[in-house]
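Residues per chain are reported as follows:
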There are 2 protein chains.
Amino acid sequence: MTEAPAPQTEGFTLNHSMMRIKEPARSLAFYTGVLGMRVLRRLDFEALGFSLYFLNTPAGTETPPEEAGERTAWTFSQRGLLELTHNWGSEDDPDLQYHDGNTDPQGFGHICIAVPDLDAAVQWFDDNGVEFVKRPEQGRLPDVAFIRDPDGYWIEIVEPARLKQLGDAL
Amino acid sequence: MTEAPAPQTEGFTLNHSMMRIKEPARSLAFYTGVLGMRVLRRLDFEALGFSLYFLNTPAGTETPPEEAGERTAWTFSQRGLLELTHNWGSEDDPDLQYHDGNTDPQGFGHICIAVPDLDAAVQWFDDNGVEFVKRPEQGRLPDVAFIRDPDGYWIEIVEPARLKQLGDAL
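Criteria and cut-off values
- Residues numbered from 1 in each chain as written.
- Chains lettered and ligands numbered in written order.
- Predicted model: local features only at pLDDT ≥ 70, side-chain atom pairs only at ≥ 80, totals over all residues.
- Heavy atoms only, no water.
- UniProt positions renumbered as here; feature names shortened; annotations may be inferred.
- Buried < 20%, exposed > 50% of the residue type's maximum accessible area, 1.4 Å probe, protein only.
- Helix = DSSP H or I, 4+ residues; strand = E, 2+ residues; numbered from the N terminus.
- Pairing = 2+ DSSP bridges.
- Axes fitted to C-alpha atoms, helices over the stretch in contact; angles between N-to-C directions.
- Contact = heavy atoms within 4.5 Å.
- Phe/Tyr/Trp six-rings, centres within 6.5 Å; stacked < 30°, edge-to-face > 60°.
- Lys NZ or Arg CZ within 6 Å of the ring centre and 35° of its normal.
- Core = buried A, V, L, I, M, F, W, Y, C linked by side-chain atoms within 4.5 Å.
- Buried area = accessible area lost by both parts, 1.4 Å probe.
- Salt bridge = Lys/Arg side-chain N within 4 Å of Asp/Glu carboxyl O.
- Polar contact = N/O pair within 3.5 Å; in protein donor to acceptor, adjacent residues only side chain to side chain.
- Nonpolar A, V, L, I, M, F, W, Y, C, P; charged D, E, K, R; others polar.

- Naming follows an unreviewed UniProt entry, where chain A appears as lactoylglutathione lyase of Spiribacter onubensis.
- What UniProt states about chain A under its Sequence similarities (unreviewed entry) heading is, verbatim, "Belongs to the glyoxalase I family."
- Checking UniProt for chain A, the heading Pathway (unreviewed entry) contains the comment "Secondary metabolite metabolism; methylglyoxal degradation; (R)-lactate from methylglyoxal: step 1/2."

Here it is as structure tokens:
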């Protein structure tokens, strides 16, 4: 990219990606317990009947402000968060199953967690009964794993240092 | 969150979210031109027939390494990127329209860009002919806008300082 971004885009920051979740308790247990993420902010919308949970992996995250409004503004200033949306009552709807985007109709595909040691991470996921879509040794992309979150969304797991040959070399 | 993350999750980093795109040229023009993002890495998978584009907004991004393998490992070590996947030939399939996740079947919802000045950003999007799902003054969430990317995916646009009252106060 030789062209500089337009000055009108200065300060634009990719803040989050949002996925809907059916049951907050099981999702938060998974994202904080198994993936080690922190809930940075929770917002409840009484009149609209939904709650938002903003999470991130802890590396490099500064301590959020305590005061509620400041903490909200701070949350929306961060980079690369995960936002989980809970529409109240979804957990009691026996017909509701959110769509992971990887079967028809396709669109969104996955989120990705980089880990320092892929083998240790796979062991950790196995110890926690996590479902795999693809183990590192399966399929045509070596050293890349995919697990499922409690709603079935795919989460790619990679160890960056093992991906140097990815791309043209395949 | 009073509980510390499990030591097995140390170093886990939320690296990216992936969405499929139909036409790389129009998507890259939009994400780099209108949203000011940079393509940090492109990976082509000849044998599998797809390409990946890793992008981020520039704030705080260090300069990527030049050497291809190092640059790939660096990309997968970053936080909060956007990955756009192009399955070769999708641009020539007249029946293909990716699913934005906000109509049935629901799942993924949107990505979000924080901007320093919401009014200026809206003007910039209007100047570029961007389609709005919701302008800031529409609907029940004031100061929150949603635009569409070329595939129809929703992109939330917020000015963090204007969101301090968001949540319980609504």
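## A short note on the pairing of strand S4 (residues 81-87) of chain A
Residues and elements named next belong to chain A.
Phase 1 of the analysis: Buried residues dominate S4, accounting for six of its seven residues.
Phase 2 of the analysis: Across six bridges, the pairing between strand S3 (residues 50-56) and S4 is antiparallel. Bridging from a neighbouring strand, Phe54 pairs with Glu83 of S4.

## Comments concerning unusual backbone geometry
Residue and element names in this part refer to chain A.
Phase 1 of the analysis: A cis geometry characterises the amide bond from Asp104 onward to Pro105, with omega recorded as 0°.
Phase 2 of the analysis: Relative to the helices and strands, Pro105 is located in the loop between S4 and strand S5 (108-114).
Phase 3 of the analysis: One non-glycine residue, Asp143, adopts positive backbone phi at about 70°.
Phase 4 of the analysis: Checked against the element boundaries, Asp143 lands in the loop between strand S6 (132-134) and strand S7 (144-148).
Phase 5 of the analysis: Note on Asp143: relative accessible area 23%, which makes it partly exposed.

## A few points about the sheet that holds strand S7 (residues 144-148) of chain B
Phase 1 of the analysis: One open sheet accounts for eight strands, arranged S2(A)-S3(A)-S4(A)-S1(A)-S5(B)-S8(B)-S7(B)-S6(B); its pairing is mixed. Because the sheet does not close on itself, it has two edges, and the strands there are strand S2 (38-45) of chain A together with strand S6 (132-134) of chain B. The average undirected angle you get between the axes of adjacent strands in this sheet is 25°.
Phase 2 of the analysis: Along the sheet face, helix H1 (residues 24-34) of chain A touches strand S1 (13-20), S2, S3 and S4 of chain A and points at about 5° away from the line of S3(A).

## Quick word on helix H1 (residues 24-34) of chain B
Phase 1 of the analysis: Along H1(B), the positions that sit buried rather than exposed are Pro24(B), Ser27(B), Leu28(B), Phe30(B), Tyr31(B), Thr32(B) and Val34(B).
Phase 2 of the analysis: Of the residues flanking the end of H1(B), it is Gly36(B), one or two places downstream, whose phi is positive at about 75°.

## Quick look at the packing of aromatic side chains
Phase 1 of the analysis: Using the criterion set out here, one finds 15 aromatic pairs over all chains in the structure.
Phase 2 of the analysis: In textbook terms, an aromatic cluster arises when at least three aromatic residues are bridged by ring pairs, as seen for Phe108(A), Tyr153(A), Phe108(B) and Tyr153(B).
Phase 3 of the analysis: A cation over a ring is seen here: Arg135(B) above Phe132(B), with NZ or CZ 4.2 Å from the ring centre.

## Observations regarding the nonpolar core
Phase 1 of the analysis: Grouped together as the largest cluster of nonpolar side chains are 66 residues, with contacts concentrated most on Tyr31(A), Phe125(A), Tyr31(B) and Phe125(B).
Phase 2 of the analysis: With residues up to four places along the chain from it excluded, the contact list for Phe125(A) reads Val34(A), Leu35(A), Val130(A), Phe132(A), Ile147(A), Ile157(A) and Phe12(B).

## Focus: the interface of chain A and chain B
Phase 1 of the analysis: Tallying the contact residues gives 77 residues for chain A and 77 residues for chain B.
Phase 2 of the analysis: For the pair chain A and chain B, the two sides together bury roughly 6,600 Å², of which 63% comes from carbon and sulfur.
Phase 3 of the analysis: In this assembly, chain A and chain B are joined by two salt bridges.
Phase 4 of the analysis: The residue Glu70(A) makes a salt bridge to Lys164(B) at a minimum N-O spacing of 3.2 Å.
Phase 5 of the analysis: On the surface where chain A and chain B come into contact, there are 33 residue pairs in polar contact (both at pLDDT 80 or more).
Phase 6 of the analysis: When residues of the side of chain A that touches chain B are assigned to their parent elements, the largest contribution, eight residues, is made by S1(A).
Phase 7 of the analysis: For the side of chain A that touches chain B, a count of residues per class yields 41 nonpolar, 26 polar and ten charged.
Phase 8 of the analysis: Bridge count between S5(A) and strand S1 (residues 13-20) of chain B: six bridges; the pairing is antiparallel. Across the sheet, the residue bridging to Ile113(A) is Leu14(B), located in S1(B).

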